[in-house]
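Descriptive analysis of the structure
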Amino acid sequence: MKELFPRKQVMGFVFSLVLTAAALLVYFLDMSFAVGMTVLLVTAFIQAGLQFIVFMHAGETEDKGLIFTNIYYGLIIALVTVFGTLLAMVWGYV
Amino acid sequence: MDFFDRFAIPHPSPIIYASMVAIGLTVIAIVAGLTYFKKWGYLWREWITTVDHKRIGIMYLLSALLMLFRGGVDALMMRAQTAVPENTLLEAQHYNEIFTTHGVVMIIFMAMAFIIALMNFVVPLQIGARDVAFPRLNNLSFWLYFMGAMLFNLSFVIGGSPSAGWTSYFPLAGNEFSESVGTNYYMLAIQISGIGTLMTGINFIATILKMRAPGMTLMKMPMFTWSALITNLIIVFAFPVLTVALAMGTMDRLFGSNFFTTSDGGMDMLWANLFWVWGHPEVYILILPAFGIYSEIIPTFARRNLYGYKSMVASMVLISLLSFFVWVHHFFTMGQGALVNSIFSISTMAIAVPTGIKIFNWLFTLWKGKIKITVPMLYSLGFLPIFTIGGVTGVMLGMSAADYQYHNTMFLVAHFHLVIIPGVVFAMIAGMTYWWPKMFGFMLNERIGKWTFWFIAGGTCLAFFPMFISGLDGQARRMYTYSEATGFGIWNMLSFIGALGLAAGFILIVYNVYYSTRYASRDIGDDPWDARSLEWATHNPVPEYNFAITPQVNSSEAFWDSKKNGHKLFKGPFKEIHMPNNSGMPFIMSILFFVLGFALVFSLWIVAIISLIGVFACLAHRSFEKDHGYHISVEEIEKTEAERGGAEHENR
Ligand code: HEM
Ligand SMILES: [Cu+2]
């Protein structure tokens, strides 16, 4: 019976609900922009990781090297795009 | 505005009326022809609904050629208008429309379709697969692309073409300065075909990662397949940015949102930024498959293996990453400070390094090779010097301080044409000529092909080198005319003559296809070029299942090894083959997308909603559909193999 119960998945589900609730607090509680943004970013990244690993089974197959390379590659590009845009559109004016 | 007024062309001219008549007559002729020869059923069963990657590739190829001619006529008109000072052939507005559609048609509907055509035809064969990973999705990709292209071309006769440039910068592209529906067409047509491209990206990554023949590790993949993998990776990461930007632009234009407006918190420069976040990777999406094609052709006709396989792969991976780090070089002059510009200048120059590595690898492959001059090889040899000039001028543009001088002049126009033409057009003609015998079972005429090459290569140089000079002299791009006192006249006249040379070259290609279809020998065997990679190991024409027996691979040139070193490609008896069924659903869905796009262009909300519901109905239908494909029996395989004979038999 124990093997049949998808413990990891249920835990993951609960945890992802908790993360969602934490993110929602930013809307309901009155926090400063910096704190709110930090909460949103941190919960978003943990949430994404959770989805990949627990629900999309990244890391469970033998081609996990490929999958993680792809994820990191995407992450690098996303960060470069976001920060590059901020640099060129907002910060880069003297 | 009266309901029907909006469908009228805002700036009519006799040329446009003439084209309307021509388009109408062509459509009637095609419909009548198909009906008369009773070809509707054949067309539907064998082509429209096909999930065979080879046929989809051929459909992409035909569409790309069609778009090449549409874009080419645009180009000729522009060059004719600017050939002499103060010419009055075209008015300013008409000229704007033409350079806009020229850019979009050439990049999105010609070049993209051409590379996807060759990837479709060649990649599954090169990796020894039966088809792509998601054959039906592949059909949908094609039809979405095709409907997007048709929607875009419709703008010319219904409602007016976009005229804000292929970059469609806001605020010029906003409702205030572009009142006609032209820019709506731009946003929606590119959106629809972009969705198709994104699907192709996912499809080919899955195919290449998951469906390679046994023994073909990543580092044993043929170079064209490597380039396709990297290209599709860039597609998957770059196209979503375009999708989002287009959606935002569409909302600005249709629903009055303020993403790119100059007031109410909008930021017009953000469009330029997002456009180039996609746009620079896009130029590498175009060039990498070309690099792959040259890496197949040069070893075949230098008759030795590719020099520096590993560095070729490494440089492509590096290019794919760096191509996302440089986009700001397209708007150095927009007002951001020196620090930002310097950062992107340096990253831009860095990208020339892996590109340079590739050039040297090809040169080293040629060095000590026993070179055989064929048409594909001629294009490859022509590519090297012309592309290098284009690339070096790119590095010049990449120095932000200097770019204040070059930006938006004809110098820039010369740069990108001298990379894109040898990089995409030469490569595609070379690839088409090279793989033509696999596609159609006969070769294109070499003599006509060589003449064509000289027209096209000479035309390219004559058309674009003068622009370096007039650009440095200050001729701005996208200007419909100039005064005689500027002294630009002579350079533009030369350029016009070059354009005529290019046009002659393209007409020769068509003539060559006609001539070879009629007269070329059909008895050419399976491997007419004495080539090296797996696609040549199967029959001519390729059976629908590609390989009767899945090949066993030992190196990146498995077929060469089987010919020269006694490697056994095909082991074991025939087994039943499982194939996917054709489906009309993707076509129907794409028609619905077309109607949706058209309705949105003209704000016909009810039609839009109905067709959107239709799209979702198709998706739902697909989710519940049970389709297990069909099986080809061993007897049938034996029969086909016996009929076609050839390499597989010799190898067994
Ligand atoms: C060595 C590599 C290259 C470098 C350093 C380079 C650099 C640049 C720079 C700095 C610009 C912007 C100049 C300006 O707006 O003033 C530019 C424009 C352009 N480049 Fe390149 N480039 C390179 C290769 C390529 C390749 C391989 C392609 C296409 C296959 C390409 C296509 C284009 C296009 C289409 C534009 C113009 C876009 C427009 O404004 O309409 N470039 N390039
Ligand atoms: Cu660029």
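As annotated in an unreviewed UniProt entry, chain B is Quinol oxidase subunit 1 from Virgibacillus oceani. UniProt's Function (unreviewed entry) comment on chain B is quoted here verbatim: "Catalyzes quinol oxidation with the concomitant reduction of oxygen to water." Recorded in UniProt for chain B, the comment headed Pathway (unreviewed entry) runs: "Energy metabolism; oxidative phosphorylation."

In the nomenclature of an unreviewed UniProt entry, chain A is known as Quinol oxidase subunit 4 of Virgibacillus oceani. Regarding chain A, the relevant UniProt record gives this comment under Sequence similarities (unreviewed entry): "Belongs to the cytochrome c oxidase bacterial subunit 4 family." Its UniProt record gives chain A a comment under Subcellular location (unreviewed entry), which states: "Cell membrane".

This brings us to the coordination of the copper ion (ligand 2). Residues and elements named next belong to chain B. The coordination sphere of the copper ion (ligand 2), as far as protein atoms go, consists of His280 (ND1), His329 (NE2) and His330 (NE2), spread over 1.8 to 2.0 Å. In this structure, the copper ion (ligand 2) lies 4.5 Å from the iron atom of ligand 1. Highlighted residues: histidine 280 in helix 8 (residues 268–302) and histidine 330 in the loop between helix 9 (309–322) and helix 10 (338–366), separated in sequence by 50 residues.

Residues annotated in UniProt with the feature "domain: Cytochrome oxidase subunit I profile" (unreviewed entry) correspond here to residues 38–554 of chain B. Helix makes up 68% of residues 38–554 of chain B and strand 0%. Its end C-alpha atoms lie 48 Å apart.

Here the focus is the pattern of salt bridges. All names here are of chain B. All told, the structure shown has 12 salt bridges over all chains when counted by the stated rule. Its salt-bridge partner being aspartate 527, residue lysine 563 comes within 2.6 Å of it at the nearest N-O pair. In this pair, lysine 563 is assigned in helix 16 (residues 558–564) and aspartate 527 in the loop between helix 15 (489–519) and helix 16, connecting sequence segments 36 residues apart. Judged by relative accessible area, which is 29%, lysine 563 ranks as partly exposed. With its nearest N and O atoms 2.6 Å apart, the salt bridge here joins arginine 532 to glutamate 557. With a gap of 25 residues between them, arginine 532 in the loop between helix 15 and helix 16 and glutamate 557 in the loop between helix 15 and helix 16 connect regions that are remote in the sequence. Of the two residues, arginine 532 and glutamate 557, neither departs from the other in class, the shared state being buried.

This paragraph deals with the interface of chain B and chain A. Listed by partner, the interface residues are 22 residues for chain B and 17 residues for chain A. A buried area of about 1800 Å², summed over both sides, lies between chain B and chain A, and 78% of it is on carbon and sulfur atoms. For the interface between chain B and chain A, the tally reads one salt bridge. In this structure, the connection of chain B to chain A is made through four residue pairs in polar contact (both at pLDDT 80 or more). Broken down by element, the residue count for the side of chain B that touches chain A peaks at four residues, all from helix 8 of chain B.

All names here are of chain A. Mapped onto the present numbering, the UniProt feature "transmembrane region" (unreviewed entry) falls on residues 12–29, 35–59 and 71–93. Helix makes up 84% of residues 35–59 and strand makes up 0%, while its end C-alpha atoms are separated by 32 Å. Secondary structure across residues 71–93 divides into 91% helix and 0% strand, with the first and last C-alpha atoms of the span separated by 32 Å.

Residue and element names in this part refer to chain B. Lining the immediate environment of ligand 1, one finds 20 residues, of which Trp166, Asp403, His407, His415 and Arg477 sit closest. Take aspartate 403: an N or O atom from its side chain is 2.6 Å from an oxygen atom of ligand 1. At 2.7 Å from an oxygen atom of ligand 1 is found a side-chain nitrogen or oxygen belonging to histidine 407. The residue makeup of the shell around ligand 1, split by class, is 10 nonpolar, eight polar and two charged.

About the cut-offs
Residues numbered from 1 in each chain as written. Chains lettered and ligands numbered in written order. Predicted model: local features only at pLDDT ≥ 70, side-chain atom pairs only at ≥ 80, totals over all residues. Heavy atoms only, no water. UniProt positions renumbered as here; feature names shortened; annotations may be inferred. Donors = N, O, S within 2.8 Å, 3.2 Å for Na, K, Ca; no water. Helix = DSSP H or I, 4+ residues; strand = E, 2+ residues; numbered from the N terminus. Salt bridge = Lys/Arg side-chain N within 4 Å of Asp/Glu carboxyl O. Buried < 20%, exposed > 50% of the residue type's maximum accessible area, 1.4 Å probe, protein only. Contact = heavy atoms within 4.5 Å. Buried area = accessible area lost by both parts, 1.4 Å probe. Polar contact = N/O pair within 3.5 Å; in protein donor to acceptor, adjacent residues only side chain to side chain. Near = heavy atom within 4 Å. Nonpolar A, V, L, I, M, F, W, Y, C, P; charged D, E, K, R; others polar.

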